[in-house]
Amino acid sequence: MEKKRREAQEVKRQAMKKRINEEMERLRREAERHVEQQQREQRRRAKKRARLKRQREEKKRELDEKRKEREKLQQEQAKSKRGHVERQRMSHEDRLSRALQQQIVQNRSQRQKKHMKRMYREDRLGYDLMKIHRAKRRKELALRESRRMRLEDDDSR
């Protein structure tokens, strides 16, 4: 009778160990999958950033070329109409400074958004590590409990 009970407890203990190990393995795989997904996201974002940067530079180059052509034309016209060109240039500079200000504000908001995303990503990673830690703790407690049970069984004999 005692032997059967002990065997049943041992079987239970083994099943619990197996279940805990499977849970740990599942959590580890989940964390690895999460990290891989984040790395894929980072690579994708880096590619997108590089593409956008190239596009911006290309656009800037084209705008510079157009601006140079326009300035040449204006210089040729300026020989005849000096005052008019001065007024036009001033309004153009105003427009440029306004566009620049807008660009600065937009960049700032993008930086803030990136920062928030990074913070969220770090929080997620911490959460996954916490889950793994909890599972380890549960496993330790279960092992301790099974040892105590075994000791009690040995003492009762």
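Structural data are supplied above this passage.
Residues numbered from 1 in each chain as written. Predicted model: local features only at pLDDT ≥ 70, side-chain atom pairs only at ≥ 80, totals over all residues. Heavy atoms only, no water.

Engineer: Is there a simple way to think about the pattern of salt bridges in this case?
Structural biologist: Summed over all chains, the structure comprises 17 salt bridges. Put simply, Arg 13 and Glu 10 hold a salt bridge, and the shortest N to O gap is 2.5 Å. Of this pair, Arg 13 and Glu 10 both sit in helix α1 (residues 2-78), three residues apart, roughly one helical turn. Assessed through its relative accessible area of 7%, Arg 13 is described here as buried. (Salt bridge = Lys/Arg side-chain N within 4 Å of Asp/Glu carboxyl O. Helix = DSSP H or I, 4+ residues; strand = E, 2+ residues; numbered from the N terminus. Buried < 20%, exposed > 50% of the residue type's maximum accessible area, 1.4 Å probe, protein only.)

Engineer: Is there a simple way to explain the side chain of His 34 in this structure?
Structural biologist: Relative to the assigned elements, His 34 resides in helix α1. You can call His 34 buried: its relative accessible area is 16%. Once residues within four sequence positions are removed from consideration, His 34 is found in contact with Arg 124 and Asp 128. (Contact = heavy atoms within 4.5 Å.)

Engineer: I would appreciate a short explanation of a positive patch on the surface in the present structure.
Structural biologist: Taken together, the side chains of Arg 49, Lys 53, Arg 56, Arg 108, Arg 111 and Lys 114 make up a positively charged region of the molecular surface. Looking at the positive patch, the elements with two or more residues in it are α1 and α2 (82-156). Relative to the assigned elements, Lys 53 resides in helix α1. A relative accessible area of 46% places Lys 53 in the partly exposed class. (Patch = residues over 30% accessible without salt bridge, like charges linked within 9 Å, V, L, I, M, F, W, Y side chains within 5 Å. Areas by Shrake-Rupley, 256 points an atom, 1.4 Å probe, with all protein chains shown as cover. Lys, Arg positive; Asp, Glu negative; His and termini not counted. Charge placed at Lys NZ, Arg CZ, Asp CG, Glu CD.)

Engineer: Would you mind going over the nonpolar core with me for this structure?
Structural biologist: As a rule of thumb, soluble globular proteins bury nonpolar side chains together. One finds Ile 20, Met 24, Leu 27, Ala 31, Ile 132, Ala 135 and Ala 142 forming the largest nonpolar core, which totals seven residues. Secondary structure elements with two or more residues in this core: α1 and α2. Broken down by element, the residue count for this core peaks at four residues, all from α1. Setting aside chain neighbours within four positions, we find Leu 27 in contact with Lys 131, Ile 132 and Ala 135. (Core = buried A, V, L, I, M, F, W, Y, C linked by side-chain atoms within 4.5 Å.)

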